[in-house]
Amino acid sequence: MFLNSKESISLDVNNVPKHVAIIMDGNGRWAQKRHLPRIAGHKKGMNVVEDVTIAASEIGVKVLTLYAFSTENWKRPEDEVNYIMSLPEKFFDKFVPKLIENNVSVRVMGLIDQLPASTKKAVDDAVSKTSHCTGMILNFALNYGSRMEITDAVKKISQQVKDNQLLPSEIDEKIIDANLMTGYLEELSDPDVVIRTSGEERISNFLLWQIAYSEFIFTDILWPDITKNSFLNLILEYQSRNRRFGGLKNK
Ligand code: V0D
């Protein structure tokens, strides 16, 4: 039992999702509602990343994957993209010490080499400065798309076959898992729950292979309006569902 001080949310400590994945949607809408530029929503959204990361780490989540930038997001106005690309640097100065305090390690998946040099440096620094942390993994999906990820995995596996390291008959789900960008997470690769904020009920090219058995939670709350408390309520919603793996009851 875990009691949240203000609202007395009671979480079952024995049923905390190990891997939580979040599509952080609604930043632009949050800003527009307030007659603010869209980038104000991204800035507030970054602060929410901080709060949700600490909350997730406190309740014992092992991996928190955040969809921060998709391979499609480049189509947005240049000013907005430029601002978003400055967020890892802003995040770094403010938040890396707090991550270290909480024993959280930052990891990234996606086409990181295509990011602006300053963004890539901030991301690499966040990863290296927290690489000694052994607690929760904060896994950012940056310039990520799942079809690209799967295409890449097919290429890698084909090359192994071509190099006589692997027979086509040996290709199984484990081999595919290992060659996806989540491969390093090993048995934690698949999210137990995917959360999407802001009322949209789509997957938008996020972790297509890994979500085969995930619970889906959609909330109307816009990402910048998410608080520690609303996050804990989403975890509570996860816990209220009876998970079934192809006929097997409760995991
Ligand atoms: C904008 C809401 C933190 C969604 C959250 C480059 C969109 C704020 C990071 C971040 C973004 C990533 C890696 C890292 C440190 C911080 C971030 C992007 C967008 C895309 F090592 N927030 N954040 N990255 N947003």
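Structure: see above.
Everything in this summary refers to the structure shown in the same document. Remember, predicted model here, so these are calculated numbers, not experimental data.

### Quick notes on unusual backbone geometry
Okay, step 1: Even without a glycine there, the phi angle at N164 is positive, about 60°.
Okay, step 2: Along the polypeptide, N164 turns up in the loop between helix 5 (146-162) and helix 6 (173-179).
Okay, step 3: Accessibility expressed as a relative area gives 72% for N164, which makes it exposed.
Okay, step 4: Of note, the phi angle at S204 is positive, near 50°, even though the residue is not glycine.
Okay, step 5: For S204, the location among the structural elements is in the loop between strand 7 (193-196) and strand 8 (215-218).
Okay, step 6: Take S204: its relative accessible area is 34%, and that puts it in the partly exposed class.

### Examining the packing of aromatic side chains
Okay, step 1: In total, this model carries seven aromatic pairs according to the counting rule given.
Okay, step 2: Judged by centre distance (6.3 Å) and plane angle (15°), the ring pair of F216 and F218 falls under stacked.
Okay, step 3: Taking the relative accessible area as the measure of exposure, F216 reaches 25% and is therefore partly exposed.
Okay, step 4: Through a chain of ring-to-ring contacts, the aromatic side chains of Y67, Y144 and F206 assemble into a single cluster.

### A word on the sheet that holds strand 3 (residues 19-23)
Okay, step 1: Strands sit in the order 5-6-4-3-7-8 across an open sheet of six strands; the sheet is parallel. Bordering the open sheet on either side are strand 5 (105-109) and strand 8, each of which pairs with just one other strand. Strand-to-strand twist across the sheet, computed as the mean angle between neighbouring axes with direction ignored, equals 20°.
Okay, step 2: Two strands pair when backbone bridges link them, and strand 4 (residues 63-70) and strand 6 (residues 137-144) are joined in this way by seven bridges, in the parallel orientation. Residue pairing in the sheet places Y67 in a bridge with A141 of strand 6.
Okay, step 3: Across the sheet, helix 2 (residues 38-59) is in contact with strand 3, strand 4 and strand 6; its angle to strand 4 comes to roughly 160°.

### A closer look at the pattern of salt bridges
Pairing between side chains of opposite charge can happen when the charged atoms of each approach one another.
Okay, step 1: The tally for this structure, following the rule as stated, stands at 13 salt bridges.
Okay, step 2: Of the charged contacts in the structure, one is a salt bridge between R196 and D25, with a shortest N-O distance of 3.0 Å. On the criterion of sequence distance, the pair formed by R196 in strand 7 and D25 in the loop between strand 3 and helix 1 (27-33) is long-range, its members being 171 residues apart. D25 shares its class with R196; the two are buried.
Okay, step 3: Between E80 and R76 there is a salt bridge, with the nearest N and O atoms lying 3.3 Å from each other.
Okay, step 4: Residue classification places E80 among the buried positions, given a relative accessible area of 5%.
Okay, step 5: Classification of R76 as partly exposed rests on a relative accessible area of 29%.
Okay, step 6: Taken together, the salt bridges that share partners define one network made up of R29, E200 and R202.

Each value, and the rule that gives it
Every chain is numbered on its own, with residues counted from 1 as its sequence reads. Confidence filtering applies because this is a predicted model: local features only for residues at pLDDT of at least 70, side-chain atom pairs given and counted only at 80 or more, and all residues used for totals across whole chains, interfaces and linings. Heavy atoms from the whole structure form the basis of all side-chain values; hydrogens and water molecules are not counted. Segments assigned H or I by DSSP are reported as helices when at least four residues long, segments assigned E as strands when at least two residues long, and all are numbered from the N terminus. We call a residue buried when its accessible area falls under 20% of the maximum for its residue type, exposed when it is over 50%, and partly exposed in between, using a 1.4 Å probe and counting protein chains only. Working definition: a ring pair exists when centres of Phe, Tyr or Trp rings (six-membered ring for Trp) sit within 6.5 Å. Plane angles under 30 degrees give stacked, over 60 give edge-to-face, the rest tilted. In this description, strands pair whenever DSSP reports at least two bridges between them. Angular values range over 0 to 180 degrees, each being the angle between N-to-C directions of two axes fitted as lines to C-alpha atoms, with helices fitted over their stretch in contact. For this analysis, residues touch if any pair of their heavy atoms sits within 4.5 Å. Whenever Lys or Arg places a side-chain nitrogen within 4 Å of a carboxyl oxygen from Asp or Glu, that contact is recorded as a salt bridge.

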